[in-house]
Amino acid sequence: VMKLNPQQAPLYGDSVITVQLTEEDKVEDDVVFYLVFTGSTVQHCTSTRKINPGSLETISPGHDCCETVKVALCASREGHPVLVVAEESFQFVQDEAYDAAQFLATCAGNQQALNFTRFLDRSRPPAADVDFLDEKVALAFRHLKLPAEWNVLGADQSLTENIPRETLMHFAVRLGLLRLTWFLLQQPGGRGALSIHNTEGATPVSLALERGYQKLHQLLTEEEAKEPDSWSTLSHTVHSGDYSVKHHRGLDVYMLTAEA
């Protein structure tokens, strides 16, 4: 039996899982271990990284629904068949960051909801919490299946540029959420949001300046702004047909996801 720690992950994945091996599975260096997660409609295979002879590390894949899945630990060695050495169950859950991303995505044009996010800002979370929030909510946002017509400015595109209003971009910038801002910039309406004034006459760009968020201000104003470094520790995904391959740069772990 192997031990997985933790035994659950948020739907959007990208959290570290440690695999404790039993005595008999601690093997020579030329053995490569994989984890195979089998859900009701999709299957994921992840590579692992050896931390020490008795434990491995990998990254949880993003999953398509909340459910308990079967995880098989497979060992592979050149010239030998692949062996399933242990099995365990694992749960995918919807966490607060996922709820938050869903809420924000749904409220893109909703002034009442966006004013609520301004109210939240007055109780300024400490910087470490902001970084955690930024990473989780941006990951969750990337995992949401946003409708094709989704727009950073909400569904009502008839609103002209010059109606003062609060936008999702104001929210992301006001809290200093670098990764979320970068994500929103790539979405429809993201660039357009930069020139919209709220009722106090602030644009996302002027907010970044006023709050002293230099990196963020650069991101919003430089023509060729590169994605923030902080993003590089997260996964990069390539899709092809029914398959997707994800590379987690921090741990150098790969994930293959396919329709089961």
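Residues numbered from 1 in each chain as written. Predicted model: local features only at pLDDT ≥ 70, side-chain atom pairs only at ≥ 80, totals over all residues. Heavy atoms only, no water.

An unreviewed UniProt entry annotates the chain as A-kinase anchor protein 13 originating from Charadrius vociferus.

Peer 1: It is not clear to me how the sheet that holds strand β2 (residues 8-10) should be interpreted in this structure. Could you clarify?
Peer 2: Across a sheet, strands are paired by hydrogen bonds formed along the backbone, either parallel or antiparallel in direction. On the basis of which strands lie adjacent, the open sheet formed by 8 strands has the order β2-β9-β8-β4-β5-β12-β11-β10 and mixed pairing. Strands at the two margins of the open sheet, each flanked by one partner only, are β2 and β10 (235-240). Taking the axes of each pair of neighbouring strands and ignoring which way they run, one obtains an average angle of 25° across the sheet. The pairing of β2 with strand β9 (residues 83-93) spans 3 bridges and is parallel. By the bridge assignment, Gln8 is partnered in β9 with Gln91. (Pairing = 2+ DSSP bridges. Helix = DSSP H or I, 4+ residues; strand = E, 2+ residues; numbered from the N terminus. Axes fitted to C-alpha atoms, helices over the stretch in contact; angles between N-to-C directions.)

Peer 1: Which parts of the structure should I look at to understand the domain arrangement of the chain?
Peer 2: Where interface size is quoted, it is often the accessible area lost as the parts come together. For the chain, the assigned domains read domain 1 (3-94 + 233-259) and domain 2 (96-221). Relative to domain 2, the C-alpha centre of domain 1 lies at a distance of 33 Å. If you look at the interface, domain 1 gives 10 residues, while domain 2 gives 11 residues. Between domain 1 and domain 2 lies a buried interface of about 970 Å² when both sides are counted; carbon and sulfur atoms form 59% of it. Residue composition of the side of domain 1 that touches domain 2, by class: 3 nonpolar, 6 polar and 1 charged. (Domains from an automatic or database assignment. Contact = heavy atoms within 4.5 Å. Buried area = accessible area lost by both parts, 1.4 Å probe. Nonpolar A, V, L, I, M, F, W, Y, C, P; charged D, E, K, R; others polar.)

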